[in-house]
Amino acid sequence: MARPGNPRPDLSADPAYAPLKARIIARTGHHYYTDKDELLIERLHRRFRAAAVADCAAYAALLSSGAEGEAEWARLEAEITVGETFFFRYAEQFSALRATILPALIAARASERVLRIWSAGCSTGAEAYSLAILVHELLGDALPEWRVAILGTDISVEALATARAAEYGRWALRTMPPEDRLRYFTRLPPAPGIRREGGYALRPEYRGPVRFERGNLLSLVEPGPPQGEPFDLILCRNVLIYFDARTVAAVVRGLGRRLRPEGWLLLGHAEPSPAFASFLDAVSLPGTVAYRPRAEAPPVAPAVAPPVDLSGAPAPDPVPPARQATEPLPADPGPGQSGAAEAAAAAVPAPDPVAAPGTGPAPAASETREDRPEEEDAVDLDRIRALADSGETGAAWRALRGALDRDPTDTALRFYEGLLARTLGRDAEAERALRAALYLDRGFVMAHYHLGLLLIALRRPHEALRALDNAVALSQALGPDTALPEGDGASAGEIAASAAAARAALGGAGSRRS
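None of the values given here were measured: they were computed from a predicted structure.

## Regarding the side chain of Arg 181
So, step 1. Along the chain, the position of Arg 181 falls in helix H8 (residues 178–184).
So, step 2. Asp 427 provides the closest opposite charge to the buried, salt-bridge-free Arg 181, at an N-O distance of 8.5 Å.
So, step 3. Not counting the four nearest positions on each side in its chain, Arg 181 is found in contact with Arg 170, Leu 173, Arg 174, Met 176, Tyr 200 and Arg 422.

Written out as structure tokens, the structure reads:
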């Protein structure tokens, strides 16, 4: 039965939508939405409901209404700035932080024992707290002798409130093995919102050095000398995607002016530009590029330190070989499979080894997939991820189900079905979805990896071991710096190390059938 009430208006058919969109982009600089109408309309609908306006013309009038309009502009800009919210995002950058950047800064600042770090565009705080965890581990017993200050800034008041509370749902910790969740967090009981299936509170020792303030990166474009003390390290990742090239260059120049002479800057993977070379020196590190001020920035040799795994925990021992030298075993089929996608998951033949990437034919299921433009698939995934990243897991789940109705054999959609079901506490559905993704693409490293983590949580160590073996063997068949599909920036070498660490943590439990 349909819900009572008026249907949501189709903003794309509203004649006032196009000028409103142009005005929003001109005011905020968010050129990201030039070709993403569906995402922008989704966010405008939220503001329409909150502000009790009926259409684009009424909303445009509200934005023009003096102080009330300025307040609504602030709320709208926070709404349309989509923030990622998971810990240790882009594992190769955290590997560079652990192995090279932070050791170099600690050595350079040893006499003052002061370290200042800025997480610019911090969203709900996962990046700033990930840095706090890493600094805590690197300084160890010397931490009390240092004055560490980590500043997180964002334009969204709501995101900053979440950051200060330091409480997160499962989605924000989705790449983190269970043992690391227990190391860095305490469990919370279920509560409305992102904690409906329970949550996690960051332990106090990692919260201490971090503070949050509201700030707009566009203020860096304004003329005048930099305000405040300079920083040793600045991270500004996945924020610049909203701006056009000219604004990006101005913001990055402003970030560079906030660095100490020996400081470091990290940007998102899609954001570096040759235009930065006129005012920053690029430093190539394994899997990423960092930047330093051009004014005689001293060269730094990589520090002798182990690489970091996906979760940011202490690096594991060298990756042991998989139980079969070059080919991993298939994951055991799970219990209770039913339905179309579930039947696909159950159809994984248990005795056959998984082929290395690129060496076997695509499964027959993918050959029956209806032809859809790749742009439509990308829009579906963008919208689902954006909703999940903003804490609207229920809306993300509904969008996912709609996308799967249109294309039930899309491998990436099945993978995100597994991640979202796990976030919602629907572990049986998560397992079926991940196995369905593996039926569609048996070389899908991240699906093997997340299936292994799920099976560990379900206390099925033998099956977990097989899934993790698959992740290790498939990753080792690729170049160590190969970026993995749906890996959120993780490389094959990092996932191999992380899967091997999770496998080792099973100990003898994985050697016996459960």
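## Thoughts on the packing of helix H17 (residues 445–457) against helix H18 (residues 461–476)
So, step 1. Between H17 and H18, whose axes approach to 8 Å, the crossing angle comes to 155°. Judged by the inter-axis angle, H17 sits roughly antiparallel to H18. Here the hand of the crossing between H17 and H18 comes out left-handed. Between H17, through Val 445, His 448, Tyr 449, Leu 451, Gly 452, Leu 455 and Ile 456, and H18, the contact on the second element is made entirely by Glu 463, Ala 464, Ala 467, Leu 468, Asn 470, Ala 471, Leu 474 and Ser 475.
So, step 2. Here the contact of H17 with H18 is composed, by residue class, of 10 nonpolar, four polar and one charged.

## Here we look at the sheet that holds strand S5 (residues 199–202)
So, step 1. Ordered in space as S3-S5-S4, the three strands form an open sheet in which the pairing is antiparallel. Both edges of this open sheet fall to strand S3 (167–168) and strand S4 (185–188), since each of them pairs with a single strand only.
So, step 2. Looking at chain direction, S4 and S5 are connected through four bridges and run antiparallel. Bridge assignment links Thr 186 to a residue of S5, and that residue is Ala 201.

## Thoughts on the pattern of salt bridges
So, step 1. All chains considered together, the criterion is met by 23 salt bridges.
So, step 2. Ionic pairing is found between Arg 75 and Glu 72, a salt bridge with its closest N-O pair at 3.2 Å. Note that Arg 75 and Glu 72 are positioned in helix H4 (residues 66–80) at a spacing of three residues, about one turn of the helix.
So, step 3. Classification of Glu 72 by relative accessible area gives buried; the value is 1%.
So, step 4. In this structure, Asp 232 and Arg 109 form a salt bridge, with 3.0 Å as the shortest nitrogen-oxygen distance. Highlighted residues: Asp 232 in strand S7 (residues 231–236) and Arg 109 in the loop between helix H5 (91–108) and strand S1 (114–120), separated in sequence by 123 residues. Like Arg 109, Asp 232 is buried.

## Considering the pairing of strand S8 (residues 259–267)
So, step 1. Counting buried residues along S8, eight of its nine residues qualify, which places the element largely inside the surrounding structure.
So, step 2. Of the pairings in the sheet, the one linking S7 to S8 comprises five bridges and is parallel in character. Each residue of the ladder has a partner; that of Leu 235, found in S8, is Leu 266.
So, step 3. Taking the sense of rotation as the criterion, the β-α-β connection linking S7, helix H10 (residues 245–257) and S8 turns out right-handed.
So, step 4. Sheet topology note: the S8/strand S10 (residues 288–293) ladder contains two bridges and is antiparallel. Note that in S10 the partner of Leu 266 across the bridge is Ala 290.

What counts and what doesn't
Residues numbered from 1 in each chain as written. Predicted model: local features only at pLDDT ≥ 70, side-chain atom pairs only at ≥ 80, totals over all residues. Heavy atoms only, no water. Helix = DSSP H or I, 4+ residues; strand = E, 2+ residues; numbered from the N terminus. Buried < 20%, exposed > 50% of the residue type's maximum accessible area, 1.4 Å probe, protein only. Lys, Arg positive; Asp, Glu negative; His and termini not counted. Salt bridge = Lys/Arg side-chain N within 4 Å of Asp/Glu carboxyl O. Contact = heavy atoms within 4.5 Å. Axes fitted to C-alpha atoms, helices over the stretch in contact; angles between N-to-C directions. Parallel < 35°, antiparallel > 145°, perpendicular 65-115°, else oblique. Left-handed = near helix turned anticlockwise from the far one by under 90°. Nonpolar A, V, L, I, M, F, W, Y, C, P; charged D, E, K, R; others polar. Pairing = 2+ DSSP bridges. Right-handed = clockwise from strand over helix to strand, strands pointing away.

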